[in-house]
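# Chains, contacts and geometry: an overview
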Amino acid sequence: MRTPVMAGNWKMFKTAAQTRSYFEAFRPLVASTKGREIVICPPYLCVPAAVESAQGTSIEIGGQNVHWAAEGAYTGEVSAPMLLDAGCRWVIIGHSERRQYFHETDEWVRKRTEAALEAGLKPIVCVGETLAEREEGRTVEVLERQFQGGLHGLKPEGFAHVVVAYEPVWAIGTGRTATPEMAEDAHQAIRTLAQLHYGEAAAQALRILYGGSVKPDNAAALMAKSDIDGVLVGGASLDAKGFATIVNA
Ligand code: PEP
């Protein structure tokens, strides 16, 4: 039985004060949620406010990226031990916005994932095809390349803590969601890759989240699919009431 992960990616939105008022509204709405892990990934500067606001709840906090070195001369970067020290338990890696705007490579995704696991953070590793790649019928080929490049060769005990997020680039922030069937097909392809690389038991245990314009009104249909083990939500996670509806979908 895979416990669903309901994760929010706030991207570059909200201040510390806005983080505190969000949690005031959000906490009671998920206080009785059972059988789901709830994760919120605010901007780095809001992590302390989020960690403090989530105290005494089951809500966990994550970073939106992480450097692969534990420390060093890497201006502007944040390391896995630093995130852990700040109270993060999770980290998003390889988000398509990072791949698109910051030239993130699969090799970097793997290095970041290894560093996160080494520090004891749970990585949410994002994969997904662009619209052109889907239209050319290359979705599975892209997922294979991203899995091979970003997730191959981890220690099996490390892979056991990895969560994969299938996020078709064309669905992120566009209001255009993959149908539950399209998402389920891609999730099955990812589970097959996990099986090829890490074996059947690891593949069956792997949580695969769907991300891409998840909203309060489409979350339940996505969650009804057997290979969709949660969601990674961008825009709709910024509203406490809306995200709570998704978490409870
Ligand atoms: C995301 O940022 O991971 C995401 C899926 O964004 P949105 O929900 O806004 O499409």
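Structure: see above.
As a starting point, this report considers the structure included with it. (Residues numbered from 1 in each chain as written. Predicted model: local features only at pLDDT ≥ 70, side-chain atom pairs only at ≥ 80, totals over all residues. Heavy atoms only, no water.)

With that settled, the discussion passes to the packing of aromatic side chains. Summed over all chains, the structure comprises 9 aromatic pairs. The interplanar angle of 70 degrees and the centroid separation of 4.7 Å between the aromatic rings of W10 and Y22 together place this pair among those described as edge-to-face. Of the two residues, W10 sits in the loop between β1 (5-9) and α1 (16-30) while Y22 sits in helix α1, which places them 12 residues apart along the sequence. Judged on exposure class, the residue W10 and its partner Y22 are both buried. When the centroid spacing of 3.9 Å and the interplanar angle of 10 degrees are considered together, the rings of F159 and Y198 count as stacked. (Phe/Tyr/Trp six-rings, centres within 6.5 Å; stacked < 30°, edge-to-face > 60°. Helix = DSSP H or I, 4+ residues; strand = E, 2+ residues; numbered from the N terminus. Buried < 20%, exposed > 50% of the residue type's maximum accessible area, 1.4 Å probe, protein only.)

In this section: the site of the ligand. Neighbouring the ligand are 14 residues; K11, E167, G173, S213 and G234 lie closest to it. A distance of 2.8 Å separates an oxygen atom of the ligand from a polar atom in the backbone of G234. Note that an oxygen atom of the ligand is positioned 2.8 Å from one of the backbone N or O atoms of G235. For the ligand, whose unbound accessible area comes to 300 Å², protein coverage reaches 98%. Here the shell around the ligand is composed, by residue class, of 4 nonpolar, 8 polar and 2 charged. (Near = heavy atom within 4 Å. Polar contact = N/O pair within 3.5 Å; in protein donor to acceptor, adjacent residues only side chain to side chain. Areas by Shrake-Rupley, 256 points an atom, 1.4 Å probe, with all protein chains shown as cover. Nonpolar A, V, L, I, M, F, W, Y, C, P; charged D, E, K, R; others polar.)

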